[in-house]
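If you want the building blocks of each chain, they are given just below.
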Amino acid sequence: MPKAYWVAHVDVDDPEIYDRYRAANAEAFAKYGAKFLIRGAPQQQIEGKTRARTVVIEFADLETATACFHSPEYQAAKAIRDPISSADTVIVEGYDDA
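Residues numbered from 1 in each chain as written. Predicted model: local features only at pLDDT ≥ 70, side-chain atom pairs only at ≥ 80, totals over all residues. Heavy atoms only, no water.

In the structure shown here, the tally under the stated rule is one cavity of 30 Å³ or more. By volume, the largest cavity is sized at about 160 Å³. Around the largest cavity sit 17 residues that line it, and Ala8, Tyr21, Val55, Ile57 and Tyr74 are the ones nearest its centre. For the lining of the largest cavity, the elements supplying multiple residues, two or more each, are strand S1 (4–12), helix H1 (15–31), strand S2 (35–39), strand S3 (53–59) and helix H3 (72–81). Per-element accounting of the lining of the largest cavity gives the leading share, five residues, to H1. Tallied by class, residues from the lining of the largest cavity come to 11 nonpolar, two polar and four charged. (1 Å grid on protein atoms, 1.4 Å probe; cavity = no way out; pocket = protein on both sides within 12 Å on 5 of 7 lines; lining within 4 Å. Points joined across faces, edges and corners; volume = space filled by probe spheres on them. Helix = DSSP H or I, 4+ residues; strand = E, 2+ residues; numbered from the N terminus. Nonpolar A, V, L, I, M, F, W, Y, C, P; charged D, E, K, R; others polar.)

Rendered as structure tokens:
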């Protein structure tokens, strides 16, 4: 079964409150076995449009990634982030050539 990923592009208007979101989301991510692969590292825009931050989070599978997003724990954290940021997020299944 292929892994799945959240891929998010985010603009943050208030970094202090965003830090509270990051602290709050840790509970959901631990519960669902999330692994950060990219977390707002420096990036180069080479084509198209994006936002200031890119985040990629790995999950065991699509079901787990989706359950994490809809969990009460993550939705509580997201409620902190929503007023101070704009985000484009997808949940995508990884490629498994096996």
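This part is about the packing of H1 against H3. Contact geometry of H1 with H3 gives a least axis separation of 8 Å together with a crossing angle of 170 degrees. The orientation of H1 with respect to H3, classified from their angle, is roughly antiparallel. Two secondary-structure elements touch here, H1 through Ile17, Tyr18, Arg20, Tyr21, Ala24, Asn25, Glu27, Ala28, Phe29 and Lys31 and H3 through Glu73, Tyr74, Ala77, Lys78, Ile80 and Arg81. Classifying every residue of the contact of H1 with H3 gives nine nonpolar, one polar and six charged. (Axes fitted to C-alpha atoms, helices over the stretch in contact; angles between N-to-C directions. Parallel < 35°, antiparallel > 145°, perpendicular 65-115°, else oblique. Contact = heavy atoms within 4.5 Å.)

This part is about the pattern of salt bridges. Should the charged atoms of two oppositely charged side chains come close, the side chains can pair. Summed over all chains, the structure comprises six salt bridges. Across the salt bridge formed by Glu58 and Lys3, the nearest N and O atoms sit 3.3 Å from each other. In this pair, Glu58 is assigned in strand S3 and Lys3 in the segment before S1, connecting sequence segments 55 residues apart. Take Glu58: its relative accessible area is 13%, and that puts it in the buried class. Two residues, Lys31 and Glu73, come together in a salt bridge whose shortest N-O distance is 2.8 Å. Of this pair, Lys31 sits in helix H1 while Glu73 sits in helix H3, and the two are 42 residues apart along the sequence. Of the residues examined, Lys31 reaches a relative accessible area of 51% and is grouped as exposed. Residue classification places Glu73 among the buried residues on the basis of a relative accessible area of 17%. Here the residues in one salt-bridge network are Asp11, Arg51 and Asp88, joined through shared partners. (Salt bridge = Lys/Arg side-chain N within 4 Å of Asp/Glu carboxyl O. Buried < 20%, exposed > 50% of the residue type's maximum accessible area, 1.4 Å probe, protein only.)

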